[in-house]
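# Structural overview
As a plain string of letters, each chain reads:
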Amino acid sequence: MTGSVLDIRGLTKKFGPATVLSGVYLRIDPGEIDGFVGPNGSGKTTLLRIVAGHPSIALSGGCSGRMTLAGQPYAPFSPREARACGVGFVHQESVLIPGLSLEANVTLGRERVHATRWPLP
């Protein structure tokens, strides 16, 4: 068996005096598709924001613990940095467009574009 794609060990996140995540351990292996289910306030979104480099994490004091991605230390400072590493997630509120493949729906809005001058000649 190869190593994990994402390995999280002892992840803890506090917002002021409130501990939102405490000692989270998570391992995602190659080929897995994982979903997070739990009641409101259980930390699902906070965990995914940490993994995806959401700026609210750094702005609120960061977190402790360790993450590795493909065996390398991983601590993205922005969603752009996370995406450059191949990491992203789909929110449950995502509205899918019928007729588009799953891949096309997930990557919608992330297409590479080239700047042009307006108005076009």
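So, here's what we can say about the structure.

Parameters and conventions
Residue numbers restart at each chain and count upward from 1, following the sequence in its written direction. For a predicted model such as this one, the threshold for reporting local features is a pLDDT of at least 70, and the threshold for listing and counting side-chain atom pairs is 80 or more; totals across whole chains, interfaces and linings nevertheless cover every residue. Values reported for side chains reflect all heavy atoms of the structure, with hydrogen atoms and water molecules removed beforehand. For the purposes of this section, nonpolar cores are sets of buried Ala, Val, Leu, Ile, Met, Phe, Trp, Tyr and Cys residues that join through side-chain atoms within 4.5 Å. Relative accessibility thresholds used throughout: buried, under 20% of the residue-type maximum; exposed, over 50%; partly exposed, between the two (1.4 Å probe, protein chains only). Runs of H or I in DSSP of at least four residues are treated as helices and runs of E of at least two as strands, each being numbered from the N terminus. Residue contacts are defined here by distance: any two heavy atoms, one from each residue, within 4.5 Å place the two residues in contact. For Phe, Tyr and Trp, where Trp contributes only its six-membered ring, two rings pair if their centres lie within 6.5 Å, and the inter-plane angle classes them as stacked under 30 degrees, edge-to-face over 60, or tilted in between. Put simply, a charge is over a ring when the Lys NZ or the Arg CZ is close to the ring centre, within 6 Å, and near the line of the ring normal, within 35 degrees. When DSSP locates at least two bridges between a pair of strands, those strands are taken to pair. Angular values range over 0 to 180 degrees, each being the angle between N-to-C directions of two axes fitted as lines to C-alpha atoms, with helices fitted over their stretch in contact. What makes a patch is a set of residues exposed beyond 30% relative accessible area and free of salt bridges, joined within 9 Å when like-charged and within 5 Å when nonpolar (Val, Leu, Ile, Met, Phe, Trp, Tyr). Per-residue accessibility takes into account occlusion by the displayed protein chains alone, with areas from the Shrake-Rupley method and a 1.4 Å probe. What counts as a salt bridge is simple: a side-chain nitrogen of Lys or Arg found within 4 Å of a carboxyl oxygen of Asp or Glu.

## Description of the nonpolar core
- Counting 16 residues, the largest nonpolar core has Leu-6, Ile-8, Leu-11, Leu-47, Val-51 and Tyr-74 as its most contacted members.
- Elements represented by at least two residues in this core include exactly strand S1 (6–15), strand S2 (18–28), helix H1 (44–51) and strand S3 (64–69).
- Here this core gets four residues from one element, more than from any other, and that element is S2.
- Beyond its immediate stretch of four places on either side in the chain, Leu-47 contacts Ile-8, Leu-11, Leu-21, Val-24, Leu-26 and Phe-36.

## Considerations on the packing of aromatic side chains
- All told, the structure shown has zero aromatic pairs when counted by the stated rule.
- A cation sits over an aromatic face here: Lys-13 above Phe-15, 4.5 Å from the ring centre.

## Examining the sheet that holds S2
- Ordered by their spatial adjacency, four strands build an open sheet running S2-S1-S3-S4, and the pairing between neighbours is antiparallel. The sheet is open, and its two edges are formed by S2 and strand S4 (72–73), each paired on a single side.
- Summarising the sheet, S1 and S3 pair through five bridges and their orientation is antiparallel. Looking at S3, one finds that Ile-8 is bridged to Met-67.
- Those strands touched by H1 are S1, S2 and S3, and its axis lies near 120° from that of S1.

## Some words on the environment of His-54
- Relative to the elements of secondary structure, His-54 occurs in the loop between H1 and helix H2 (55–59).
- As for His-54 and Pro-79, which are separated by 25 residues in sequence, their C-alpha atoms are 5.7 Å apart.
- If we ignore the near neighbours within four places in the chain, the residues touching His-54 are Arg-49 and Pro-79.

## Here we look at a nonpolar patch on the surface
- There is a patch of nonpolar side chains on the surface, built from Ile-97, Leu-100 and Leu-108 and spanning about 240 Å² of accessible area.
- In this fold, Leu-100 is placed in the loop between helix H3 (79–84) and helix H4 (102–107).
- A relative accessible area of 37% means that Leu-100 is categorised as partly exposed.

## Overview of the pattern of salt bridges
- Tallying each qualifying case throughout the model produces two salt bridges.
- The salt bridge partner of Arg-9 is Asp-7, with a shortest N-O separation of 2.7 Å.
- Judged by its relative accessible area of 39%, Arg-9 falls in the partly exposed class.
- Residue classification places Asp-7 among the buried positions, given a relative accessible area of 9%.
- Note that Arg-27 and Asp-29 form a salt bridge whose closest N and O atoms lie 2.7 Å from each other.

## Section: the pairing of S1
- In this structure, S1 lies alongside S2, joined through seven bridges in antiparallel fashion. Directly across from Leu-6, in S2, lies its bridge partner Ile-28.
- Hairpin connection of S1 to S2: two residues between the antiparallel strands, including Gly-16 at a positive phi of 60°.

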